[in-house]
Amino acid sequence: MLNDFKQNFKGGARLNRFFVTGSIPFSGQNASRFHIRASAIPQLQTQTLSYDYRGRKSHYPGEKQYPVWSISVLDDNSPGDLWTAFQKWQNALNNHDANTVNNSVLNHQTQTFKSTWTINHMNLNGDEDNPLKKITLFGCWPKAINPINFNMNRPNTLNVFDVVMVYDYINIQNVT
């Protein structure tokens, strides 16, 4: 029985074998790969349209809904740290001091405030060139940058902050 399982099970996918790529507009840096500690493939959901038909409800698929996408990011202390980059991006959407929007954000033709991000789920051996799953999120921007929690009772622990992203639509490679 154990041999049957071993022959039919192809190694499985690991939770920690992934990386995220994208860009952070307005940050002044061309970050492409991020120190994301945790994430999830966003939930996909289709609304249901219900109609009365001969005394019963008939259900049909409606529009797609794309809920927010949350990521946990390692706080980097390099000159182009990610917390600052996300703050600059969100500040361009609506300035903290003046409560105004960056003029380039208002250009709806280019939508420079949005970015495309990709989640790459690697195989058992960590092969980055041939991911098991490749999920691309189009039109991303940060809805919320959660606080960095400081705690002197937790030495030797890296700071992590969460970012809640909004996106327009999703593409899952090899799914049509």
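By convention here, each chain's residues receive numbers from 1 onward along its written sequence. Note on the predicted model: pLDDT of at least 70 is required for a residue's local features to be given, and 80 or more for side-chain atom pairs to be given and counted; whole-chain, interface and lining totals, by contrast, use all residues. Here the side-chain values reflect all heavy atoms present in the structure, with hydrogen atoms and water set aside.

Of regular secondary structure, the protein possesses two helices and nine strands. For the exposure calls, accessible area comes from a 1.4 Å probe over protein chains only, and a residue counts as buried if that area is under 20% of its type's maximum, exposed if over 50%, partly exposed in between. A total of 176 residues make up the protein; the buried ones form 27% of that total. Throughout, a contact is declared for two residues whenever any of their heavy atoms are within 4.5 Å. Put simply, of all contacts in the protein between residues at least 6 apart along the chain, 63% involve residues at least 24 apart. Accessible surface for the protein amounts to roughly 12400 Å². Of this, 49% is attributable to carbon and sulfur atoms. Secondary structure is summarised from DSSP: a helix means a run of H or I of at least four residues, a strand means a run of E of at least two, and numbering begins at the N terminus for each. To be clear on the numbers: accessible area is Shrake-Rupley with a 1.4 Å probe, and residue cover counts the displayed protein chains and nothing else.

To continue, consider the packing of aromatic side chains. Pairing of aromatic rings covers Phe, Tyr and Trp, the last through its six-membered ring, and needs centres within 6.5 Å; plane angles under 30 degrees mean stacked, over 60 mean edge-to-face, and all others mean tilted. Within the structure shown, the criterion is met by nine aromatic pairs. Ring centres of Trp89 and Trp117 lie 6.4 Å apart, and the angle between their planes is 20 degrees; this geometry places the pair in the stacked category. With Trp89 in helix H2 (residues 82-93) and Trp117 in strand E6 (residues 115-121), this pair connects stretches of sequence that are 28 residues apart. No difference in accessibility class separates Trp89 from Trp117, as the two residues are buried. Here Phe113 and Trp141 contribute two aromatic rings whose centre-to-centre distance is 6.5 Å and whose plane-to-plane angle is 65 degrees, an arrangement assigned as edge-to-face.

Next up on the list: the pairing of E6. Across the seven residues that make up E6, a large majority, six, are buried. Sheet analysis places E6 next to strand E7 (residues 133-145), joined by six bridges and oriented antiparallel. From the neighbouring strand, Trp117 faces E7, where its bridge partner is Leu137. If DSSP finds at least two bridges between two strands, the strands pair.

With that out of the way, let us pick up the nonpolar core. Nonpolar side chains tend to gather and get buried jointly when the protein is soluble and globular. Buried residues of nine kinds, namely Ala, Val, Leu, Ile, Met, Phe, Trp, Tyr and Cys, make up a nonpolar core once their side-chain atoms join them within 4.5 Å. Within the largest apolar cluster, 23 residues are counted, with the highest numbers of intra-cluster contacts made by Trp69, Phe86 and Trp117. Once residues within four sequence positions are removed from consideration, Trp69 is found in contact with Val20, Ser39, Ala40, Pro42, Trp117, Ile119, Leu137, Val163, Val164, Met165 and Tyr167.

For every residue, the predictor assigns a confidence score, pLDDT, that lies between 0 and 100. The share of residues in the protein with pLDDT of 70 or more is 84%, and the mean pLDDT across the chain is 81. Summarising per-element confidence for the protein, the mean pLDDT is lowest in helix H1 (residues 2-8) (74) and highest in E7 (92).

Along the chain, Asp127 falls in the loop between E6 and E7. The exposure class of Asp127 is partly exposed, given its relative accessible area of 26%. Each C-alpha atom, one on Asp127 and one on Arg17, is 9.2 Å from the other, the two residues being 110 residues apart in sequence.

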